[in-house]
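Listed below are the residues making up each chain.
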Amino acid sequence: MKIDESSVPYLEGKKFSNSLVFPVSYEYVNMDRLSYLEAKCANKKVVHIGFADHIPLVPEKIRNNKWLHQRLLNVSSRCIGVDVDAEALDFFAKNYSYNDIYLHDVVNDLPLQEIVAEKWDYMVLGEILEHVDNPVSFLTGLVNKYGQYVQRIIITVPNAVNLMNVRMAKNHKELINSDHRFWFTPFTLAKVGTMAGWKPVEFDYCQNHPAGKWIFRQILKRYPAYRETLIMTLESPKYL
């Protein structure tokens, strides 16, 4: 779903409303997160931030074709992976033969030569932003360091109003990963991106896991804003 141009002044802070109505969804068929990212990155040059995933889960994900980095490698024209986890890089070095994976802190380290030596279509940040203490500062660092080399970023985050949250709220409870700092909606994620210097382009919703019962699948098909994951594409104004 494209970002409504009428919302841009509010995202930029040039206008204010205490009751802004922001369109968030339409009927959308594809619900699978991996398939969505595959389609976006097909035949593109991609930098995958935080590629390693949770190491104990990786072998099974690779066997079942559920590991995102492998899926991106399969469809992109080129894909490199960077991760801040030294143990993860050591794990891959000992157990697999992947090339183009690098130990790198995108915020605190000097620019990675393998990134700045080329131009890239996408930088993928999967389930990262909700774990960082200051999302605006994090994304500002990315655009300042890599904005002229990366045309767009794709961010995936937990959707604040997903169906499980709605069901839990009815029981006066919240179900959450205890390392998460934030929940996001389309407007708040677009606002964070805008304040960091990126231009929000479009967003959609996907599922990380099968929806289960038929009734839930139908609800999620008709009301995409109840899905697990919010995916947003943002453009770098510094890309040359």
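Predicted, not measured: the structure shown is a model, and the values here were computed from it.

Parameters at a glance
- Residues numbered from 1 in each chain as written.
- Predicted model: local features only at pLDDT ≥ 70, side-chain atom pairs only at ≥ 80, totals over all residues.
- Heavy atoms only, no water.
- Helix = DSSP H or I, 4+ residues; strand = E, 2+ residues; numbered from the N terminus.
- Rg over C-alpha atoms; globule rule 2.2 N^0.38 Å.
- Contact = heavy atoms within 4.5 Å.
- Areas by Shrake-Rupley, 256 points an atom, 1.4 Å probe, with all protein chains shown as cover.
- Buried < 20%, exposed > 50% of the residue type's maximum accessible area, 1.4 Å probe, protein only.
- Core = buried A, V, L, I, M, F, W, Y, C linked by side-chain atoms within 4.5 Å.

For the chain, the count of helices and strands is 10 helices and seven strands. Taking 2.2 N^0.38 as the reference for a compact globule, 240 residues should give roughly 18 Å; the C-alpha atoms of the chain span a radius of gyration of 18 Å, in line with that estimate. Projecting the C-alpha coordinates of the chain onto the three principal axes gives extents of approximately 50 × 45 × 35 Å. Sequence-distant contacts in the chain: of pairs separated by 6 or more residues, those separated by 24 or more amount to 77%. Approximately 12500 Å² of the chain is accessible, and the part contributed by carbon and sulfur atoms is 53%.

Turning next to unusual backbone geometry. In this model, Asn43 sits at a positive phi of 65 degrees, which is unusual for a non-glycine residue. Structurally, the position occupied by Asn43 is in the loop between α2 (33-41) and β1 (45-49). Unlike most non-glycine residues, Asp100 shows phi in positive territory, near 55 degrees. Among the secondary structure elements, Asp100 is positioned in the loop between α5 (86-95) and β3 (101-103). For Asp100, a relative accessible area of 25% puts it in the partly exposed group.

Core analysis: the largest hydrophobic core is formed by 40 residues, its most contacted members being Leu139 and Tyr146. Discounting chain neighbours no more than four positions away, the residues touching Tyr146 are His104, Val106, Leu110, Pro111, Leu112, Ile115, Val116 and Met123. Counting 13 residues, the second largest nonpolar core, distinct from the first, contains Tyr36, Val124, Ile154 and Cys206.

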